[in-house]
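As a plain string of letters, each chain reads:
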Amino acid sequence: MQWLAIIGIGAAVGFLGGLFGKGGSAIATPLLAAIGLPAIVAVASPLPATVPGTLAAYRRYRSLGIGDPQVIRWTIAVGVPATALGALATRWVSGEALVLVTDVLVALIGLKVLLSPSPIEVVRNDLGHRRLRLVLVAAAVGLAAGLLANAGGFLLVPLYLAVLKLPIKTALSCSLAAASVLAIPGTLVHAALGHIDWAVAAVFGLASIPLSSLGARAALRLHPQRLERLYGAGLLVLGATLLVVR
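Residues numbered from 1 in each chain as written. Predicted model: local features only at pLDDT ≥ 70, side-chain atom pairs only at ≥ 80, totals over all residues. Heavy atoms only, no water.

(A) Layout of the overall build of the chain. Of regular secondary structure, the chain possesses 11 helices and 0 strands. Each helix and strand of the chain, placed in order from N terminus to C terminus, yields the pattern α-α-α-α-α-α-α-α-α-α-α. Evaluated residue by residue, the chain yields a buried proportion of 52% over its 246 residues. In the chain, the share of contacts with a sequence separation of at least 24, taken over all contacts with a separation of at least 6, comes to 86%. Counting only carbon and sulfur atoms, one obtains 68% of the accessible surface of the chain, whose full area is about 10300 Å². (Helix = DSSP H or I, 4+ residues; strand = E, 2+ residues; numbered from the N terminus. Buried < 20%, exposed > 50% of the residue type's maximum accessible area, 1.4 Å probe, protein only. Contact = heavy atoms within 4.5 Å. Areas by Shrake-Rupley, 256 points an atom, 1.4 Å probe, with all protein chains shown as cover.)

(B) Here's a closer look at a nonpolar patch on the surface. On the surface, L100, V104, L108 and L243 cluster together into a nonpolar patch covering about 300 Å² of accessible area. The dominant element in the nonpolar patch, judged by the number of residues it contributes, is helix α6 (residues 95-115), at 3 residues. Within the secondary structure layout, L243 lies in helix α11 (residues 224-245). (Patch = residues over 30% accessible without salt bridge, like charges linked within 9 Å, V, L, I, M, F, W, Y side chains within 5 Å. Salt bridge = Lys/Arg side-chain N within 4 Å of Asp/Glu carboxyl O.)

(C) Layout of the environment of P167. Here P167 shows up in the loop between α8 (153-162) and α9 (168-192). With a relative accessible area of 12%, P167 lands in the buried category. The spacing of P167 and Q225 is 58 residues in sequence and 9.5 Å in space, taken between C-alpha atoms.

(D) Inspection of the confidence of the model for the chain at higher detail. Predicted confidence across the chain gives a mean pLDDT of 81, with 86% of residues reaching 70 or more. Between the elements of the chain, mean pLDDT differs from a low of 73, seen in α6, to a high of 91, seen in helix α10 (residues 198-221). Low pLDDT (under 50) marks residues 120-125, which in the prediction has 6 contacts with non-local residues, meaning those over four places away or in another chain. (pLDDT = per-residue confidence, 0-100.)

(E) Representation of the nonpolar core in the model. Judged by nonpolar contacts, the single largest core of 34 residues is most densely connected at Y61, V71, L156, V157, Y160, L166 and Y231. If you tally residues by element for this core, the top one is α9, at 8 residues. L37, V41, A49 and F204 belong to the second largest nonpolar core, which has 13 residues in total. (Core = buried A, V, L, I, M, F, W, Y, C linked by side-chain atoms within 4.5 Å.)

(F) Structural view of the packing of helix α4 (residues 50-63) against α10. At a minimum axis distance of 8 Å, the contact between α4 and α10 shows a crossing angle of 30°. One finds that α4 runs roughly parallel with respect to α10. Once α4 is placed against α10, the crossing between them reads as right-handed. Side by side, α4 and α10 meet where P52, G53, A56, A57, R60 and Y61 of the first sit next to I209, S212, S213, A216, R217, A219 and L220 of the second. Residue classes in the contact of α4 with α10 are distributed as 8 nonpolar, 3 polar and 2 charged. (Axes fitted to C-alpha atoms, helices over the stretch in contact; angles between N-to-C directions. Parallel < 35°, antiparallel > 145°, perpendicular 65-115°, else oblique. Left-handed = near helix turned anticlockwise from the far one by under 90°. Nonpolar A, V, L, I, M, F, W, Y, C, P; charged D, E, K, R; others polar.)

(G) Looking closely at unusual backbone geometry. Positive phi, close to 60°, is recorded for K165, a residue that is not glycine. The residue K165 is located in the loop between α8 and α9 in this model. K165 sits in the partly exposed class, given a relative accessible area of 36%.

(H) α4, seen in detail. With 14 residues, α4 ought to run about 20 Å at 1.5 Å a step, and its terminal C-alpha atoms sit 20 Å apart, in line with that. Those residues of α4 not exposed but buried are T50, V51, G53, T54, A57, Y58 and Y61. Looking at the residues trailing α4, positive phi occurs at G65, about 75°. (Expected span 1.5 Å × (residues − 1).)

(I) Examining α10 more closely. Between its terminal C-alpha atoms α10 stretches 35 Å, which fits the 34 Å expected from 24 residues at 1.5 Å a residue. At G205, α10 shows its largest bend, some 30°. Those residues of α10 not exposed but buried are V200, A201, F204, G205, A207, S208, S212, S213, G215, A216, A219 and L220. Where α10 begins, the capping side chain belongs to D197, and its oxygen is found 3.1 Å from the backbone nitrogen of A199. (Bend = angle between axes of the 7 residues up to and from the residue. Polar contact = N/O pair within 3.5 Å; in protein donor to acceptor, adjacent residues only side chain to side chain.)

Here is the structure:
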């Protein structure tokens, strides 16, 4: 029954990850912990599937020319080393604490997006004027991604919206592209630390990767304002539910 639950979680997380522009690890961690996986295994094992899953979803956006290459490059350049540092820090942080932090962050970010929707109009600022903000966003997301064993997409999208004023679909596209790379150092470090159950990772990935592309396809069909409100509501409900269950 636990393996069937992992398959179901993988499929649901893959679709939601593609829909919300994220790898899905932040959603998968508390769900896997809830079905009885050890906390640190629930934290780290979904991460390997993030790389192919987010790439499959990003291809949907790229085919339509949606994205901001400069934002993607800067996020990756700053976020990769920060992610490795965050993953190393899990030596001194318990898996239970990481699961709880993930639950709280998911709920708070959903509330923030619901209460403070971004403008619909595209805001085009010169990258030189927003470079410091972009560096700070990438560094913060990288550290959180490594510490919480996810690709950072659950933080990238709301920060892209709030700090860089990107439109929702551009934010989703950039998040998917960056997350596909940010997941790599975290995966390597957690694998070296022995945190990943590769059987769980394989089953989870086989279920989640095909659904990621379908989730992105659904997002591209939605009106931007409706998509952003759906994003915020989904995260808020999920985070609050998991906190109550715990």
